[in-house]
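Coordinates in review
Residue strings, one per chain:
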2 protein chains.
Amino acid sequence: MNSLQKLDKLRCLMALSDFDAYIIPGTDPHMSEYMPDFWQVRSWFSGFTGSAGTLVITTNFAGLWTDSRYFLQAEAELKGSGIELVKLRIPHTPEHVDWIVKNLPVGSRVGVDGKMISVDSVRSMRTAFTGKQIELVTNEDLVSPLWTDRPPIPLNPVIEHDVEFSGCAREEKIGMVRNEMTRLGVTHHLITSLDDIAWLLNLRGTDILYNPLFVSYVLIDTQSVKLFVNEAKIDPETEEDLLNDGVSICGYGEIEETLSKLEKGNKLLLAPGKVNFALFDAIPSGVKIMEGVNPTTLMKAIKNETEIGHLRQTMVSDGIALVKFFYWLDETIGKEKITEISAADKLELFRSQQPNFKGLSFATIAGYASHGAIVHYDPTPETDVELHPKGIFLVDSGGQYLSGTTDVTRTVTLGVPNEEQKRDFTLALKGTISLSDAVFPEGTKGYQLDALARIALWKNGINFGHGTGHGVGFFLNVHEGPQSISPNAAGPASNVIEKGMVTSVEPAMYREEKHGIRTENLVLTVPYLMNEFGAFLRFETLTLCPIDRKLIEVSLLEKQEIEWLNTYHANVFERLSPFLTDKEYDWLKEQTAKIDF
Amino acid sequence: MNSLQKLDKLRCLMALSDFDAYIIPGTDPHMSEYMPDFWQVRSWFSGFTGSAGTLVITTNFAGLWTDSRYFLQAEAELKGSGIELVKLRIPHTPEHVDWIVKNLPVGSRVGVDGKMISVDSVRSMRTAFTGKQIELVTNEDLVSPLWTDRPPIPLNPVIEHDVEFSGCAREEKIGMVRNEMTRLGVTHHLITSLDDIAWLLNLRGTDILYNPLFVSYVLIDTQSVKLFVNEAKIDPETEEDLLNDGVSICGYGEIEETLSKLEKGNKLLLAPGKVNFALFDAIPSGVKIMEGVNPTTLMKAIKNETEIGHLRQTMVSDGIALVKFFYWLDETIGKEKITEISAADKLELFRSQQPNFKGLSFATIAGYASHGAIVHYDPTPETDVELHPKGIFLVDSGGQYLSGTTDVTRTVTLGVPNEEQKRDFTLALKGTISLSDAVFPEGTKGYQLDALARIALWKNGINFGHGTGHGVGFFLNVHEGPQSISPNAAGPASNVIEKGMVTSVEPAMYREEKHGIRTENLVLTVPYLMNEFGAFLRFETLTLCPIDRKLIEVSLLEKQEIEWLNTYHANVFERLSPFLTDKEYDWLKEQTAKIDF
């Protein structure tokens, strides 16, 4: 069944249900950014495989709303599907809702599967719909009946994440959450987000590619912790450990019934942005609901000393793999055939030789020349191209280690760069340096810092269409809230950048049809100083990998920017050089040599 | 009657009305920042005269919530009043509401005069109160019965603001608003904010000190414009002009009844943040209300070519007055007695000699030495001190001209500055330069730019507790929305900085007990360039006044900062020097001399 046929059939079902529009969100019942194949409903239906995007189908229109990272990819993937790309003006905003309000007649009926959309989204949609008396129906799933060859929900085993790495025992974490529940005066807390659950229970899984998560729910009260998960995923030893820590196993499908049986008078804490509407709907009206952020969300974002220690060490491992890769690339280019995919595979090989490696943290973005300008380009056999000893190569990659998650982008020249390439590279690099070198008062929010990464580009009439930084988990999701750094203050960037958080810094520039440029490091928020003006924080750059000096136009840098670069490169050399072959050592020495002002 | 007696009497009235708390907001029925004496209820009651602050009185507590600009002033003014200062953590946020929720028992009753609070504020308060079932009663005014010697509502005459200055006739403006009403599908529009009314009708008044406004309401529909104003304020000629343009006069007090008689089915546009709750309450339920921003708010913020032309010329007039003043100060200090007040008076005198001058745009802040650290210090005979040929003097002042409104701060040294003074001055100046020199994409919001003004201070462990910039009216309010530049994205800084807007740039640093430093200019948003990355804007600095070179520590400046300063000073000299005496000319030449790198 091709996309056009799917569209026809869906429109028939819409007619039967009397829907004027049907919405297919790009998430799952856990509001995941990445999800098991079973819930890749929007991808299956439309062919668009990006991590963000919403479909709206009406009787005479079908549109996919996505952000600028995916414009080129979506145009390619949607060709012939009968679905049009609608470009989001502001990333991660529900502009399709405005479209519905504008284009549908008064009194229309709109359907969406309540399991696949958050409480917050349903509410804001209903508010937006009020003016035109549009009804939002949340209890009809029209796509599942069409998807006959749907893959199953994964049954992959769950593993324990040793306290040696997490630095905080499961019992202790549960105690911390219970303390917070007491402070808030609630009796129960529902956790539906998979990274929160994995962090809380020191458990990991492999249900989702690149995200070490397992499909489950948690309901915690003052006495018990119920983990709703397919029991086949838990080995007896882990089950016993869990029981010893007061965690009992229930079937994954039992969550709705359990919620529906909560007794009147109980107070339930939940995060309306993370809980799906169908689950929320199952809670009896006598239960008092307190809405807020999951306590685990902030707890896991603020890394403890054990995690920070491991992360610093993991950056050495990851840095060694990166240096070995870029040295190999430098030596081999023009001698052996290398393609985007083979290069990405080589980098994965080097990473896999490092201790505690468990896999990649996302699909390696290896974009040569104009492919670099496709923001989330992930080479496929159809798009793969050979690298030549000229032009720019962008590699955005990361590893999942038991001892932490990495995410790093380097852009290198494979030949002699031209002026434009050097200028573009250096202007984006100024953004990376400016943000990495920032100092800011405690309480500063991500959106406040965003312009520091853009101003050098702006002054040259350049901008980039994605955020500047995202939080990163610890052997967890490579995109992890609550914080982010972006121009959009209505999103996660409205959260405070706190001490102990790990965030990416990744300003970029994309010259369509030519090249993409990005220098991305992970930074840790650390204390700076305290005085009569309050407490100030700064960033410690964690990532260890040389920045291509051949692409730097030194005349565009200020003295303090060169100082930052020299200090950074000296640190990279000091930390990584003991672990390299002689040739790699010499190469790194040259790559990290001091730049004179 | 002193403040303690007022507090006792109010508590009696609260007991009679069965109130557990009573709120006295710091505004008027037009949600003005500054207001006629008649509505200075909070000031009369508490003695605190700052422009922002809310009183909450309970049976055993009375607190005034205000922001860091007013901490020192409020502490002084509240002494002995029985009212405690409560310091706002985030400026302009209703933290007193959280306090009420936290401190009052379940089921409490809270009173507020509905005329003195906006629809938005009542709603958000009621939402916050739901959890504890606190009732908000809006129809009891407990303070007016106590205020026996209350001044009257002013009857000052209204004057026409000539189209030669405004650049857009009243009829045309009304047409623009009606077009917007048609686009939005509304039949009526209620305007309650005095600056919107003054702009729309090209009228001005003197009802409020420093703000050229007159007390009134406007109701506009497709056929008529009704101006609700005391008829004694309008001379027959103006009345005829208004009638010719389709504007009829109704009594100021008739607005409530007129609204209450609106027919069912009409659609009324209003701004819930600007309309007082009592007025809103008078609208019959059959009238459909559309909530949004007043169309006039954005229209008046975007200055037209005529206004911009006048403003550039007015900056020359204002600059001449400033140069004459600072030259006089330089020549006279140590020879004649000068105090903060006499200096401010001298500056007013110089301004009053300029064409089109109509008065000051706010009370001159003339803060010598440690007084400069009191952010909104306005010298009174009790606080006035003599200036000596040493130390730092901060002067924040502005004029109301028929041809525009100015607002400028300069900080000068009256002797030989020490290292700390120079360093503090230069770090704050780096913020002024960085923001003034910014380039940014169309669509950028105020909060995105704020950190550019702070980063140099932050890196040195310094911050300032107020916003970085505010919109400025044209012969209107010196604080005018919708835009602002501040860290608070929930406020006006969430609005886009658009082409044609005039905004202040005023980073600062306050060293308590020592000095206050601020260099403030007004900037106009102008186009920069347009390319494949979109359209970019920049700021044109309008204010013309030298920046004290004696306070600049050149070694702390980057090359491009010095270039900005030299270019700025060259422009100041070129524009102002033709209008000075020989001595002033020589002085200005020295003040604006090129700084070498």
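Only a predicted model underlies this, so the values are computations on that prediction, with no experimental measurement involved.

1. Quick word on helix α9 (residues 236-244) of chain A
One side-chain oxygen at the N-terminal end of α9 of chain A lies 3.1 Å from the backbone nitrogen of E237 of chain A; it belongs to D235 of chain A. G246 of chain A occupies a position one or two residues after α9 of chain A and carries a positive phi of about 85°.

2. Some words on the pattern of salt bridges
In a structure, side chains of opposite charge can pair up when their charged atoms sit close to one another. Applying the stated rule across the entire model yields 58 salt bridges over all chains. Residue K115 of chain B is joined to D113 of chain B by a salt bridge in which the shortest nitrogen-to-oxygen separation is 3.2 Å. With relative accessibility at 35%, the residue K115 of chain B sits in the partly exposed group. For D113 of chain B, a relative accessible area of 9% translates into the label buried. Here E291 of chain B and R123 of chain B are joined by a salt bridge, their closest N and O atoms 2.5 Å apart. Of this pair, E291 of chain B sits in strand β14 (residues 288-291) while R123 of chain B sits in helix α5 (residues 119-130); the two residues are 168 residues apart in sequence, bridging distant segments of the chain. Judged by relative accessible area, which is 35%, E291 of chain B ranks as partly exposed. One network of salt bridges, with partners in common, ties together D195, D196, K274, K300, K303 and E480 of chain A.

3. Overview of the relation of the copies chain B and chain A
Note on the copies: chain B fits chain A at an RMSD of 0.1 Å, the axial shift is 0.1 Å, and the rotation between them is 180°. Taken together, the turn and the small shift mark the pair as related by a two-fold rotation axis.

4. Points about unusual backbone geometry
Cis peptide bonds are those with omega within 30 degrees of zero, and the linkage from G481 of chain A to P482 of chain A qualifies with 5°. In this fold, P482 of chain A is placed in the loop between β22 (469-470) and β23 (484-485). In this model, N356 of chain B sits at a positive phi of 65°, which is unusual for a non-glycine residue. With respect to the helices and strands, the residue N356 of chain B is situated in the loop between α14 (340-352) and β15 (357-360). Its relative accessible area of 31% is what places N356 of chain B among the partly exposed residues. For A369 of chain B, which is not a glycine, the phi torsion comes out positive at approximately 50°. Mapped onto the secondary structure, A369 of chain B falls in the loop between β16 (365-368) and β17 (392-397). The exposure class of A369 of chain B is partly exposed, given its relative accessible area of 25%.

5. Side note on the sheet that holds strand β13 (residues 267-270) of chain B
All names here are of chain B. Ordered by their spatial adjacency, 6 strands build an open sheet running β12-β11-β10-β8-β13-β14, and the pairing between neighbours is mixed. Two strands lie at the open edges of the sheet, namely β12 (247-250) and β14, each paired on one side alone. For this sheet, the mean inter-axis angle between neighbouring strands, taken without regard to orientation, is 25°. Here strand β8 (residues 188-191) runs beside strand β10 (residues 217-221); their pairing, made up of 4 bridges, is antiparallel. Residue H189 lies in a different strand from β10, and its bridge partner there is I220. Across the sheet, helix α7 (residues 170-184) is in contact with β8, β10, β11 (225-228), β12, β13 and β14; its angle to β10 comes to roughly 60°.

6. Quick notes on the environment of G114 of chain B
Residue and element names in this part refer to chain B. Along the polypeptide, G114 turns up in the loop between β5 (109-112) and α5. It is 4.8 Å that separates the C-alpha atoms of G114 and A278, two residues lying 164 residues apart in sequence. Excluding anything up to four places from it in sequence, G114 contacts T138, N276, F277 and A278.

7. Let's talk about the sheet that holds strand β20 (residues 408-413) of chain A
Working definition: the strands of a sheet are paired by backbone hydrogen bonds and lie parallel or antiparallel to each other. Residues and elements named next belong to chain A. Taken together, 3 strands build an open sheet; the order of strands is β16-β17-β20 and the sheet is antiparallel. Two strands in the sheet have a free side with no partner beyond their single neighbour: β16 (365-368) and β20. Between one strand and the next, the sheet's axes are offset by a mean angle of 10°, whatever the strand orientation. Relative to strand β17 (residues 392-397), β16 is paired through 4 bridges, and the arrangement is antiparallel. The residue bridging G367 from the neighbouring strand is L394, located in β17.

8. Points about the packing of helix α13 (residues 305-332) of chain A against helix α14 (residues 340-352) of chain A
Each packed pair of helices is defined by two parameters, the angle between the axes and the distance between the axes. Residues and elements named next belong to chain A. For the pair α13 and α14, interaxial distance at closest approach is 8 Å and the crossing angle is 140°. The angle between α13 and α14 falls in the class oblique. For α13 against α14, the interelement crossing comes out right-handed. Counting all contacts with α13, which are made through D318, A321, L322, K324, F325 and W328, the residues of α14 involved are A343, K346, L347, F350 and R351. The residue inventory of the contact of α13 with α14, partitioned by class, reads 7 nonpolar, no polar and 4 charged.

9. Section: the interface of chain B and chain A
With 34 residues of chain B at the interface, the matching set in chain A holds 33 residues. With both chains or domains summed, chain B and chain A bury close to 2800 Å², and 55% of this area falls on carbon and sulfur atoms. The three residues of chain B that bury the most area against chain A are W458, K459 and F533 of chain B, which together make up 24% of that side's buried surface. The partner of E532 of chain A in a salt bridge is R511 of chain B, and the shortest N-O contact between them spans 3.2 Å. Secondary-structure elements contributing two or more residues to the side of chain B that touches chain A are β21 (439-441), α16 (446-449), α17 (455-458), β25 (508-511) and β27 (521-531) of chain B. Of the residues that constitute the side of chain B that touches chain A, the class distribution is 19 nonpolar, 8 polar and 7 charged.

Cut-offs used in this document
- Residues numbered from 1 in each chain as written.
- Chains lettered and ligands numbered in written order.
- Predicted model: local features only at pLDDT ≥ 70, side-chain atom pairs only at ≥ 80, totals over all residues.
- Heavy atoms only, no water.
- Polar contact = N/O pair within 3.5 Å; in protein donor to acceptor, adjacent residues only side chain to side chain.
- Helix = DSSP H or I, 4+ residues; strand = E, 2+ residues; numbered from the N terminus.
- Salt bridge = Lys/Arg side-chain N within 4 Å of Asp/Glu carboxyl O.
- Buried < 20%, exposed > 50% of the residue type's maximum accessible area, 1.4 Å probe, protein only.
- Least-squares fit on C-alpha atoms with pLDDT ≥ 70 in both.
- Pairing = 2+ DSSP bridges.
- Axes fitted to C-alpha atoms, helices over the stretch in contact; angles between N-to-C directions.
- Contact = heavy atoms within 4.5 Å.
- Parallel < 35°, antiparallel > 145°, perpendicular 65-115°, else oblique.
- Left-handed = near helix turned anticlockwise from the far one by under 90°.
- Nonpolar A, V, L, I, M, F, W, Y, C, P; charged D, E, K, R; others polar.
- Buried area = accessible area lost by both parts, 1.4 Å probe.

On their own, these measurements won't tell you what the molecule is for.
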